[in-house]
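Fold and geometry: a report
Residue strings, one per chain:
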Amino acid sequence: MAADLHRDDALLLVDDQQIAVEVDFGLFLPDKGSWGGVLRRVPEWVAGAVKSADEVRLRLSSGHERRIRPLAVPDDEISVPFVGEGTAPF
């Protein structure tokens, strides 16, 4: 990941649920605008919901909200890697 990392408190929006999480994120491929990161402090029960949800969004403390695609999520994991969709929110 790029040296320009961001850390923020955010809301993870999973279908109709809102869960407070921490997020570390940045640009993967700056020339292409690809971004993503790792969600932290994800409650275990949310990990399963994230895998089966129709839509997962991330709302940063700045108010920016983007759809994200969680990567492989073990059932008992509290850190969830993800790839962001759309333009980077920073």
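Just so we're clear, the structure is a prediction, and the values are computed from it rather than from any experiment. (Residues numbered from 1 in each chain as written. Predicted model: local features only at pLDDT ≥ 70, side-chain atom pairs only at ≥ 80, totals over all residues. Heavy atoms only, no water.)

1. Describing the pattern of salt bridges
Two side chains of opposite charge can pair, provided their charged atoms sit close to one another. All chains considered together, the criterion is met by nine salt bridges. With a shortest N-O distance of 2.6 Å, Asp24 and Arg7 are connected by a salt bridge. Remark: Arg7 occurs in strand 1 (residues 6-14) and Asp24 occurs in strand 2 (residues 17-29); sequence separation between them is 17 residues. Asp24 gets classed as buried once you look at its relative accessible area, which sits at 14%. Exposure remark for Arg7: the relative accessible area of 62% places this residue in the exposed category. (Salt bridge = Lys/Arg side-chain N within 4 Å of Asp/Glu carboxyl O. Helix = DSSP H or I, 4+ residues; strand = E, 2+ residues; numbered from the N terminus. Buried < 20%, exposed > 50% of the residue type's maximum accessible area, 1.4 Å probe, protein only.)

2. Here's the deal with the sheet that holds strand 3 (residues 34-40)
Spatially, 1-2-3-6-5-4 is the arrangement adopted by the six strands of the closed barrel, whose pairing is antiparallel. The average angle at which neighbouring strand axes cross in this sheet is 45 degrees, direction not considered. Pairing between strand 1 and strand 4 (residues 56-60): five bridges, direction antiparallel. By the bridge assignment for strand 4, Leu13 is matched with Arg57. Together, strand 1, strand 2, strand 4 and strand 5 (65-70) form the strand contacts of helix 1 (residues 44-52), whose direction differs from that of strand 1 by roughly 65 degrees. (Pairing = 2+ DSSP bridges. Axes fitted to C-alpha atoms, helices over the stretch in contact; angles between N-to-C directions. Contact = heavy atoms within 4.5 Å.)

3. Considering the side chain of Asp8
Assignment of secondary structure puts Asp8 in strand 1. It is Arg7 that comes nearest to the buried, bridge-free Asp8 among opposite-charge side chains, at 9.2 Å. There is a polar contact of 2.7 Å between the side chain of Asp8 and the side chain of Ser61. Residue contacts for Asp8: discarding those within four places in its chain leaves Val21, Glu22, Val23, Phe25, Leu60, Ser61 and Ser62. (Lys, Arg positive; Asp, Glu negative; His and termini not counted. Polar contact = N/O pair within 3.5 Å; in protein donor to acceptor, adjacent residues only side chain to side chain.)

4. Let's talk about helix 1
Among all positions in helix 1, only Val46, Ala47 and Val50 are buried. End-on, the buried residues of helix 1 take up no more than an arc of 110 degrees, which puts them together on one face. Of the exposed residues in helix 1, those oriented more than 90 degrees away from the buried face are Trp45 and Ser52. Here the buried face of helix 1 lies against strand 1, strand 2, strand 4 and strand 5. (Arc of directions from axis to C-beta.)

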